[in-house]
Structure formats: C-alpha cells, structure tokens
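Close look at the chain arrangement
Chain by chain, the residues run as shown.
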Amino acid sequence: MESNPENTPEGRELLQQLKQSVQVLEQKLEEANTSQQKYTQEMETLLRERSVFQSVLQKLTDDHLQLEKDYETLRIQKGGFGFKILWLSGFLGFLSGLVLCYLFFRPSSKHELVFSNFQHATQFHVEYAIGQGDFVQAEELLKKSSESRDYKIIEPEIDMMRKIVSAAKRRCE
C-alpha cells in the first residue's frame, strides 16, 4: 500500500508550503500582467503622440520647402536684388570717398603753389617800395621775379603787376 503524503505531518507541511509558494507566484503573475497592461497602454499613447509629432514635423518640413521655393521664385523675379544693392552701395561708397578725398585732401595746382610762394616772398617788398614812392625798385623786384625760373609759371600775373606799378608810377609823376 502506498502511503498518502497528505496524511503525514511532513507531507502536510510541505503541501502547505507549496500552496503558499503557488499563491505568491500567482500574485506576482497578476502584478506582472497589470504592469504589462499599464506599459502596453503607455506604449500605445507614446506611439499615437509619435505619429502626431511626425505629422506635425512633415507639415513643418513641407512649409519650409514651400518657403524656400517661394523665396527662390521671388529672388529670380527681382533679378538678384541683393547683389544689385550690394554693388550700388559699394559704388556709392566709392564715389563719396572720392568726393571726401577731393574736399579734404585736394591737391593744389602747381600754379597756385607757385603764386602763393611768390606772394609770400615778394609782396611785402613790393608794397613797401610803392609805399615809399620807390616805383623803380618795385618794378625791378617784379622784373627779377619774372626772370626767375621758379616763377615762370606765373609770369603773366607778374607782368600784370609790373604794368600796374608802371601805371601808378606815371600817375604819380
């Protein structure tokens, strides 16, 4: 005859432990099923959000491409407006630089410089001689100046001054 393990105290205790272990395992299985359902729902929610984000991203990409296309069309219609403005502003800057250079750093003509030197060197002596009534000395100063190589450029002006001094001399005599 076979003995039934349930009839022995060790068998009952073992059976009790096995039932408790099965209950713990069933409880853990239930928790795992609940967690699995929760995570499945979260995954479905995330997938829906992902599809929404993808559709928004696709719309933004399409809008961006349309804007680029429209800009390119406008740029072609305007004929390179930016390049023309850049060229025009550079040219105007160059012209204004030339004007400012001319106004502030304009080179004096050689004629003006020579006349300024002549005036500085001889005007006082000629005026002094005329003031003293010595027209001959004034005429000689002007004659020497007109014969000088340095004042060849302004010879007509010196001759005019000499004629004025001669006229003043005749008037005073």
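Residues numbered from 1 in each chain as written. Predicted model: local features only at pLDDT ≥ 70, side-chain atom pairs only at ≥ 80, totals over all residues. Heavy atoms only, no water.

**Digging into the packing of aromatic side chains**
With the rule as written, the count across this model stands at four aromatic pairs. Ring centres 6.2 Å apart and planes at 45 degrees place the aromatic pair Phe 115 and Phe 118 in the tilted group. Taken together, the positions of Phe 115 and Phe 118, both in helix α3 (residues 110–131) and three residues apart, correspond to about one turn of that helix. Between Phe 124 and Tyr 128, the aromatic rings sit 6.1 Å apart at their centres with planes inclined by 25 degrees, giving stacked as the arrangement. With Phe 124 and Tyr 128 both in helix α3, this residue pair falls four residues apart, about one helical turn. Each member of the aromatic cluster is reached from another via a ring pair, and the members are Phe 115, Phe 118 and Tyr 151. (Phe/Tyr/Trp six-rings, centres within 6.5 Å; stacked < 30°, edge-to-face > 60°. Helix = DSSP H or I, 4+ residues; strand = E, 2+ residues; numbered from the N terminus.)

**A few points about the pattern of salt bridges**
Evaluated as defined, the whole model comprises four salt bridges. Ionic pairing is found between Asp 63 and Lys 59, a salt bridge with its closest N-O pair at 3.4 Å. In this pair, Asp 63 and Lys 59 both sit in helix α1 (residues 9–78), four residues apart, roughly one turn of the helix. According to the relative accessible area criterion, Asp 63 is partly exposed, its value standing at 36%. Glu 139 serves as the salt-bridge partner of Lys 169, at 3.6 Å between the closest nitrogen and oxygen. (Salt bridge = Lys/Arg side-chain N within 4 Å of Asp/Glu carboxyl O. Buried < 20%, exposed > 50% of the residue type's maximum accessible area, 1.4 Å probe, protein only.)

**A closer look at the side chain of Glu 139**
Mapped onto the secondary structure, Glu 139 falls in helix α4 (residues 135–147). If we ignore the near neighbours within four places in the chain, the residues touching Glu 139 are Arg 162, Val 165, Ser 166 and Lys 169. (Contact = heavy atoms within 4.5 Å.)

**Quick notes on the side chain of Thr 122**
Along the chain, Thr 122 turns up in helix α3. A relative accessible area of 10% means that Thr 122 is categorised as buried. There is a polar contact of 2.8 Å between the side chain of Thr 122 and the backbone oxygen of Phe 118. (Polar contact = N/O pair within 3.5 Å; in protein donor to acceptor, adjacent residues only side chain to side chain.)

**Some details on the packing of α3 against α4**
The N-to-C vectors of α3 and α4 enclose an angle of 160 degrees; their axes lie 7 Å apart at closest approach. As summarised for this structure, α3 and α4 are arranged roughly antiparallel, according to the angle between their axes. For the crossing formed where α3 meets α4, the hand is left-handed. Within the contact between the two elements, α3 uses Phe 118, Thr 122, His 125, Val 126, Ala 129 and Ile 130 and α4 uses Phe 135, Gln 137, Ala 138, Leu 141, Leu 142 and Ser 145. A per-class count over the contact of α3 with α4 returns eight nonpolar, four polar and no charged. (Axes fitted to C-alpha atoms, helices over the stretch in contact; angles between N-to-C directions. Parallel < 35°, antiparallel > 145°, perpendicular 65-115°, else oblique. Left-handed = near helix turned anticlockwise from the far one by under 90°. Nonpolar A, V, L, I, M, F, W, Y, C, P; charged D, E, K, R; others polar.)

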